[in-house]
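Examining the three-dimensional arrangement
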Amino acid sequence: MAITFRTAAVAPGRADVDLLAVPVFAERRLGPGVEAVVPPGVEVLMDRAGFAGKPDETLLLPGAEADAPAVLLIGVGDPAGLDTARVRRVSAAAARRAARAARVGTTLLEAVPAAADRPAAAQALAEGFALGAYRYLAHKSRPEPPAISEVVVLGRGGSRVHAALERGAIVADAVAWARDMVNTPAGEKSPAAFARAAQARLRGRGVRVEVMDPAAIRAARLGGVLGVGQGSRQSPRFVKVTYAPAGARHSLALVGKGVVFDSGGLSLKTASGMETMKTDMSGAAAVVAVMSVLAELGVRQRVVGYVPLVENMPSGSAMRPGDVLRIRNGTTVEVLNTDAEGRLILADALSLAVEDGADAIVDLATLTGACMVALGEQIAGLMGSHDRWRDQVRAAAERAGERVWPLPLPPEYRRQLDSEVADLKNIGGSYGGALTAGLFLREFVGDVPWAHLDIAGPARASGDDGETVKGGTGFGVRTLIELAARFRRP
Ligand code: BES
Ligand code: MN
Ligand code: ZN
């Protein structure tokens, strides 16, 4: 259930809530206003519980008086270190621990340093509470959803804080939609079903949606999408979403990899390699989620989303190693490994974005295991053809609190993609697989500033951590919203 956020300019002791979530700094220093609401002897209780006030620590206590709300101490660490990322993180920790309370009051915002950007902190607070309380329960016979339905931000409010809380709730709702799609079993999200879910999400949200069926995809000569999709009984789709506000001067293209299940095709993955492959549409889910909130967030520039949707399966009709595909822009590709399928469908989508006259492109893709080897499970690889555009994406990720790190596109490695029979082959050598995948994509963007986020690691979490919950994370939604909101033609 979505959480509503409001402000109330009352002392914590006077708030009409079930639980008070209050900050405690490092070395058990109580945050502003906390003294009045905690039970007597709180120092001893913290000591005995081993609660030191570090980030991620929480301690649930009875209220100061018998009929007072319970108190949840939230560790926030060093006061100067309480930046927006930490506000988001500790808010999520609070939401997890407060799961059984319906109405939660918090003084957390009062603890951020005076010099901090208060609206940014308020937005992060809302994102943290909403994302920390996220659960995917669609297939539980006895779902136990968290009770938390309202968060009251206590203290100095103001219209800017109020608007920021609202914004955080909208962003978190987009992330939750993406998480739901990623967590949905592949058997329930064929390309056609994904396209329908996208249409349902986007209806009434100020965008135009076009869905290409297999005949339209063939007519448009999207050879990568057709090739990867031909092995599955579930035929491919291509979703294009256009947001064109009046007065927009520049156009941003968002491209998301939508492989609803990646078995590897005839270059079949191992059993364990397939376990998480329902998540191979995380880029696509993020792009649709972002497109769904641009109007509500008042984004001023034109944004177009390109979402190729396929299932990569082995069968008598599947593409074979050695087959040659012709991508939308005319480039021919020799498919030597059918498991390097993401780049084939992205090639068509990038070609279309260039044809449509995008001023800048960013793609989001669970593209390579090699990127996970390089950067682990929490950090996305950022590559690109244009330094200033790449820096804009990096700055957006920084503001959004999503971890990305630059990787190079070494021209020396480009020849690994030379094919004996076609213009390109779809795999490089044994090493640097994230980079050769990036170099492959680069062949389809021409001179348009382009950035590529390989999200193979952070698209999925193997455990709860901060605002992420085990399973699909919705990684990229926050970054792309920030990017669209402040988009400048590079
Ligand atoms: N979807 C995978 C990449 C992936 C692997 C994402 C593990 C998340 C977790 C992609 O389609 C793939 O299979 N890539 C291959 C490329 C190789 C065949 C060149 C890979 O990384 O092994
Ligand atoms: Mn693959
Ligand atoms: Zn894949």
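Note that the structure is predicted; figures quoted are calculated from it, not measured.

Another aspect to go through is the overall build of the protein chain. Counting its secondary structure elements, the protein chain contains 14 helices and 21 strands. Referenced to the eigenvectors of the C-alpha coordinate spread, the extents of the protein chain come out at roughly 80 × 50 × 40 Å. Looking at the protein chain alone, contacts between residues at least 24 apart form 76% of all its contacts between residues at least 6 apart. Summed over all atoms, the accessible surface of the protein chain reaches about 19900 Å², with 48% contributed by carbon and sulfur. Averaging the positions of the 57 positive and the 53 negative side-chain charges in the protein chain gives two centres separated by 3 Å.

Okay, the domain arrangement of the protein chain next. Partitioning the protein chain into domains gives domain 1 (4–172) and domain 2 (189–485). Inter-centroid distance (C-alpha atoms) of domain 1 to domain 2 is 36 Å. Facing the twelve residues of domain 1 at the interface are 15 residues of domain 2. The junction of domain 1 with domain 2 conceals about 1300 Å² of combined surface from both sides, 55% of it contributed by carbon and sulfur atoms. Our count for the domain 1 to domain 2 interface comes out at three salt bridges. With a closest N to O distance of 3.5 Å, D464 and R96 form a salt bridge.

Before going further, it helps to examine the pattern of salt bridges. Counted by the stated rule, this structure contains 27 salt bridges. A salt bridge links R103 to D18; the shortest N-O distance between them is 3.0 Å. Pair noted here: R103 is in strand β6 (residues 103–106) and D18 is in the loop between β1 (4–8) and β2 (19–25), with a separation of 85 residues, a long-range link. Within the structure, one salt-bridge network assembled from shared partners comprises R88, E127, E467 and R478.

The protein atoms donating to the zinc ion (ligand 3) are K257 (NZ), D262 (OD), D280 (OD) and E341 (OE), with metal-donor distances spanning 2.0 to 2.4 Å. The sequence motif formed by the donor residues of the zinc ion (ligand 3) is K-x4-D-x17-D-x60-E. Taken as a pair, the zinc ion (ligand 3) and the manganese ion (ligand 2) show a spacing of 3.1 Å, with D262 coordinating each metal. In this pair, D262 is assigned in strand β11 (residues 258–262) and E341 in the loop between β14 (332–334) and α10 (342–355), connecting sequence segments 79 residues apart. Looking at E341, the relative accessible area reads 1%, which means it is buried.

Surrounding the manganese ion (ligand 2) are the protein donor atoms D262 (OD), D339 (O), D339 (OD) and E341 (OE), at 2.0 to 2.2 Å. Metal-centred angles of 69 to 167° between the six donor atoms at the manganese ion (ligand 2) mark the site as irregular. Ordering the donors of the manganese ion (ligand 2) by residue number gives the pattern D-x76-D-x1-E.

Turning next to the side chain of E311. Tracing the backbone through its elements, the reader meets E311 in strand β12 (residues 302–312). Within polar-contact distance, the side chain of E311 engages the side chain of S232 at 2.6 Å.

A word on the layout of surface pockets. The calculated volume of the largest pocket comes to roughly 740 Å³. Considering the residues around the largest pocket, the lining is formed by 27 residues, among which Q378, G401, E402, R403 and E467 are closest to the centre. At the level of elements, α2 (84–97), α12 (387–400), β17 (404–406) and β20 (460–461) are the ones that each hand at least two residues to the lining of the largest pocket. Broken down by element, the residue count for the lining of the largest pocket peaks at four residues, all from α2. Looking at side-chain class alone, the lining of the largest pocket contains eight nonpolar, six polar and 13 charged residues.

Calculation criteria
- Position labels on residues start from 1 in each chain and follow its written sequence.
- Whichever chain is written first is A, and whichever ligand is written first is 1; the rest continue in order.
- For a predicted model such as this one, the threshold for reporting local features is a pLDDT of at least 70, and the threshold for listing and counting side-chain atom pairs is 80 or more; totals across whole chains, interfaces and linings nevertheless cover every residue.
- Processing note: side-chain calculations cover all non-hydrogen atoms of the structure and skip hydrogens and water entirely.
- The numbering of helices and of strands both runs from the N terminus, where a helix is a DSSP run of H or I of at least 4 residues and a strand a run of E of at least 2.
- Contact definition: two residues touch when any of their heavy atoms are within 4.5 Å.
- The method behind every accessible area is Shrake-Rupley, applied with a 1.4 Å probe, and residues are considered shielded solely by the protein chains displayed.
- Counting rule for charge: Lys and Arg are taken as positive, Asp and Glu as negative, and neither His nor the chain ends is counted.
- To locate a charge, the coordinates of NZ of Lys, CZ of Arg, CG of Asp or CD of Glu are taken.
- Where each domain begins and ends follows an automated or database-derived domain assignment.
- Here the quantity called buried area is the total loss of accessible area, with a 1.4 Å probe, experienced by two parts when brought into contact, counted for both.
- Salt bridges are defined by distance alone: a side-chain nitrogen of Lys or Arg within 4 Å of a carboxyl oxygen of Asp or Glu.
- Donor atoms are limited to N, O and S found within 2.8 Å of the metal ion, a distance that becomes 3.2 Å for Na, K and Ca. With water left out, some sites might look partial.
- Only protein chains enter the accessibility calculation, which uses a 1.4 Å probe. A residue is then buried if its area is under 20% of the maximum for its type, exposed if over 50%, and partly exposed in between.
- Under the classification used here, a metal with four donors is tetrahedral if each angle lies between 85 and 135 degrees, square planar if opposite donors are over 155 degrees apart and the others between 65 and 115, a six-donor metal meeting that same test is octahedral, and anything else is irregular.
- Within 3.5 Å is the distance limit for a polar contact, defined as a pair of N or O atoms, with the added protein rule that one can donate a hydrogen and the other accept it, and that residues adjacent in sequence qualify only through two side-chain atoms.
- In this analysis, the protein atoms alone were mapped onto a 1 Å grid. Cavities are point sets where a 1.4 Å probe fits without being able to get out; pockets are open sets with protein on both sides within 12 Å along at least five of seven lines; lining residues have an atom within 4 Å of a point.
- Grid points are joined across faces, edges and corners, and a volume is the space filled by probe spheres set on the points.
- Amino acids outside the nonpolar list (Ala, Val, Leu, Ile, Met, Phe, Trp, Tyr, Cys, Pro) and the charged list (Asp, Glu, Lys, Arg) are all regarded as polar, and Gly is one of them.

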